[in-house]
Amino acid sequence: MLAIKPSSQKPEKCSANVLPCQIKYDGPIEAKQRYWKPVETHDGSKSAYFRGRELRGTDVALPEGFRGSVLQITEKRLHPPPADSAPDSDEEEIPEDIKIAEELAAFDSVTVWGHDSAPSETEDAYFKGLKEWIAFSTAVRDFGLCRDRN
Amino acid sequence: MEDIPIETQEIELETPVEDVFMAPSIHRPEILSGASYSHFSPIPKTIEDDMTTECVLGIDEAGRGPVLEGPMVYGLFYLPLSIHRSLLADTHHFDDSKVLTPAVRSSLMEKLCTLDSDLYQSCGWATRVMSARDISSGMMKANGTYNLNAQAMDATIDLIKRTMATGVNIKEIYIDTIGRPEIYQKKLEKIFPTAKITVAKKADSLFPCVSAASVCAKVTRDAALDVCYESYSTTSDGKDKSADGWGSGYPSDARCTTWLKQNMDPVFGWGTECRFSWGTAKDLLEGKGGSAQVDWPADDDDDGMKMTDFFIGSTEKSQEGDEFMNWYGHRVTEKIF
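Residues numbered from 1 in each chain as written. Chains lettered and ligands numbered in written order. Predicted model: local features only at pLDDT ≥ 70, side-chain atom pairs only at ≥ 80, totals over all residues. Heavy atoms only, no water.

1. So, the packing of aromatic side chains
Argument step 1. Scanning the model with the defined rule gives seven aromatic pairs over all chains in all.
Argument step 2. Seen from their ring centres, F77 of chain B and F94 of chain B are 6.3 Å apart, and the 50 degrees between their planes marks the pair as tilted. Separated by 17 residues along the polypeptide, F77 of chain B in strand β3 (residues 72-80) and F94 of chain B in the loop between α4 (84-91) and α5 (102-112) bring together distant segments of the chain. Judged on exposure class, the residue F77 of chain B and its partner F94 of chain B are both buried.
Argument step 3. Here the aromatic rings of W270 of chain B and F276 of chain B are separated by 5.7 Å at their centres, their planes lie at 50 degrees, and the arrangement is tilted. Comparing W270 of chain B with F276 of chain B, the two get one shared label, buried.
Argument step 4. Among the aromatic residues, those joined into a cluster by ring pairs are Y35 and F50 of chain A together with F268 and W296 of chain B.
Argument step 5. In this arrangement the basic side chain of R53 of chain A is found over the ring face of W296 of chain B, its NZ or CZ atom lying 4.3 Å from the centre. (Phe/Tyr/Trp six-rings, centres within 6.5 Å; stacked < 30°, edge-to-face > 60°. Helix = DSSP H or I, 4+ residues; strand = E, 2+ residues; numbered from the N terminus. Buried < 20%, exposed > 50% of the residue type's maximum accessible area, 1.4 Å probe, protein only. Lys NZ or Arg CZ within 6 Å of the ring centre and 35° of its normal.)

Next up, the structure:
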């Protein structure tokens, strides 16, 4: 399990992008304007270039009440193990080991990119994933709220 | 695409001079943003005074070879038929390519752009700057390649069409060939039935107007490369900018490949001035230079799902990733595309 710890100060705003390729790299990079400069096109989609290819993107806004976070999992625990633990007392409930994930940055929309054409709202796996997941989780939450009220 | 090495002597001729003339065909914002654009000179006074003047038109290119850096430029040049050879060949020696060193080209271009010069009074010209960004993205299109020859022909045809649309009376057209001359000539004759068209190999050494068009193209490309490079030499990231710059932009020019190696971003590669579509650039990115590997969905593989993908553990070695990565389900592989 993980626990999300909101950052103490206002998290840095970032823009999230889903690219139509797999980049075998994990870590921070500097996205200089020289390399990555999305611009609006006349048809309302976005255009940017990556490694010589043209990408077209569409913004998917997170709905009201949702928040996108960039998290980093730390080695910190929500319940630090007690200093003098009694290993043989298995009757006692051991608190679950929960790591803390710290919020590095926040975003309120995701740009989904396709090679040469913007991804289709009805066909693209990521586009659908974002929309359907949000719709689904909203339904679950709303159901929970209804039940709690009754 | 394979890179064809060029001769050392040719590198000399392709290397821009320092302080190359900045012609009006240099549009800085477009060049810096990586966009393609066209530039047209005003109609020269001699022709404007009598628009029925019969004119000859030449077309040539610069940077169509396997260059890594900078735009490919198409140049168009026209003037009254009656002074074609006398003004260009006899007075200004536009016919001898050996004389046309980068420095001479630059000064001829300057003359052409100077008010009251004989060239300015009688000659009109235009350029199409086809950016490295647009060439690359055309060649690496998702649904089949928009190859360099097709891009070059479209640029040529567009330049001629737009020049004719100004009302200039073009009687003869001379042009260096793309592919086989007969086929290209037939194609152009269909599009421009009112002009006598001559497509030939090495047209720049045969026809002065093609030689002049070549000068417009080359000087514009040289200056455009300069503008691209300025943006690197003036950045304040503390890196030592080698005095050599990137040379001619040709892969057999050590300055160019050295520059590419030293200035490769591990994720992005290079900026919009680089032609990613050429073999040398691809090899550098996919080689051991320390750049991240990037996989694109295979073009022929439109439905990469295999039946076995539905069985957990059949293809996946193990469910890699930590708890958080699997929070919303498992990572999708590139097969999803």
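2. Some thoughts on the interface of chain B and chain A
Argument step 1. Contacts between the two partners involve 38 residues from chain B and, on the opposite side, 30 residues from chain A.
Argument step 2. Taken together, both faces of the contact between chain B and chain A bury some 3,300 Å²; the carbon and sulfur share is 63%.
Argument step 3. Between the two partners, chain B and chain A, sit two salt bridges.
Argument step 4. With a closest N to O distance of 4.0 Å, K141 of chain B and D116 of chain A form a salt bridge.
Argument step 5. At the boundary of chain B with chain A, the tally comes to ten residue pairs in polar contact (both at pLDDT 80 or more).
Argument step 6. Sorting the residues of the side of chain B that touches chain A by element identifies α7 (132-139), α11 (208-233) and β7 (294-295) of chain B as the ones contributing at least two each.
Argument step 7. A total of four residues in the side of chain B that touches chain A trace back to one element, the largest contributor, which is α7 of chain B.
Argument step 8. A breakdown of the residues in the side of chain B that touches chain A according to their chemical character gives 19 nonpolar, ten polar and nine charged.
Argument step 9. One ladder, built from two bridges, connects strand β4 (residues 22-23) of chain A with β7 of chain B; its direction is antiparallel. (Contact = heavy atoms within 4.5 Å. Buried area = accessible area lost by both parts, 1.4 Å probe. Salt bridge = Lys/Arg side-chain N within 4 Å of Asp/Glu carboxyl O. Polar contact = N/O pair within 3.5 Å; in protein donor to acceptor, adjacent residues only side chain to side chain. Nonpolar A, V, L, I, M, F, W, Y, C, P; charged D, E, K, R; others polar. Pairing = 2+ DSSP bridges.)

3. Points about the state of the cysteines
Argument step 1. For the structure on display, the rule yields zero disulfides over all chains.
Argument step 2. Just so you know, C123 of chain B is unpaired, no disulfide at all, and the nearest cysteine sulfur is the one on C216 of chain B, 8.9 Å from it. (Disulfide = S-S within 2.5 Å.)

4. As for empty space enclosed by the protein
Residue and element names in this part refer to chain B.
Argument step 1. On inspection of all chains with the given rule, the structure shows two cavities of 30 Å³ or more.
Argument step 2. As a volume, the largest cavity reaches approximately 70 Å³.
Argument step 3. I59, D60, E61, R64, Y74, T156, I175, D176, T177, I178 and Y184 together form the lining of the largest cavity.
Argument step 4. Of all the elements in the fold, those that place two or more residues in the lining of the largest cavity are β2 (55-62) and β5 (170-176).
Argument step 5. By residue number, the principal contributor to the lining of the largest cavity is β2, which donates three residues.
Argument step 6. For the lining of the largest cavity, the class distribution of residues is five nonpolar, two polar and four charged.
Argument step 7. Approximately 40 Å³ is the volume attributed to the second largest cavity.
Argument step 8. Considering each element in turn, the lining of the second largest cavity owes the most residues, three residues, to α11.
Argument step 9. Counted by class, the lining of the second largest cavity contains one nonpolar, one polar and five charged residues. (1 Å grid on protein atoms, 1.4 Å probe; cavity = no way out; pocket = protein on both sides within 12 Å on 5 of 7 lines; lining within 4 Å. Points joined across faces, edges and corners; volume = space filled by probe spheres on them.)

5. Describing the sheet that holds strand β6 (residues 46-50) of chain A
By way of backbone hydrogen bonds, the strands of a sheet pair with one another, either parallel or antiparallel.
All names here are of chain A.
Argument step 1. The strand order across the open sheet built from five strands is β3-β10-β7-β6-β5, with neighbouring strands paired in mixed fashion. Two strands lie at the open edges of the sheet, namely β3 (16-18) and β5 (39-40), each paired on one side alone.
Argument step 2. In the sheet, β5 pairs with β6 via two bridges, with the strands oriented antiparallel. Bridging from a neighbouring strand, E40 pairs with K46 of β6.

6. Quick notes on the packing of α5 of chain B against α11 of chain B
Residues and elements named next belong to chain B.
Argument step 1. Contact pair α5 / α11: the axes reach a minimum separation of 9 Å and the direction vectors enclose 105 degrees. With respect to α11, the element α5 is oriented roughly perpendicular. Contacts between α5 and α11 involve R105, S106, L108, M109 and L112 on the former and, on the latter, V215, C216, K218, V219, T220 and D222.
Argument step 2. Considered class by class, the residues forming the contact of α5 with α11 number six nonpolar, two polar and three charged. (Axes fitted to C-alpha atoms, helices over the stretch in contact; angles between N-to-C directions. Parallel < 35°, antiparallel > 145°, perpendicular 65-115°, else oblique.)

7. Quick notes on the environment of A35 of chain B
Residues and elements named next belong to chain B.
Argument step 1. Relative to the assigned elements, A35 resides in the loop between α2 (28-33) and β1 (37-40).
Argument step 2. As for A35 and R133, which are separated by 98 residues in sequence, their C-alpha atoms are 7.3 Å apart.
Argument step 3. In contact with A35, other than residues within four places in its own chain, are E30, S131, R133 and D134.

8. Quick notes on the nonpolar core
Argument step 1. Judged by nonpolar contacts, the single largest core of 86 residues is most densely connected at Y74, F77, M109 and W270 of chain B.
Argument step 2. Among the elements that make up this core, the one with the highest residue count is α11 of chain B (15 residues).
Argument step 3. Counting residues in each nonpolar core, the second largest holds twelve residues, with W36, A48 and F50 of chain A together with W296 of chain B among its members. (Core = buried A, V, L, I, M, F, W, Y, C linked by side-chain atoms within 4.5 Å.)

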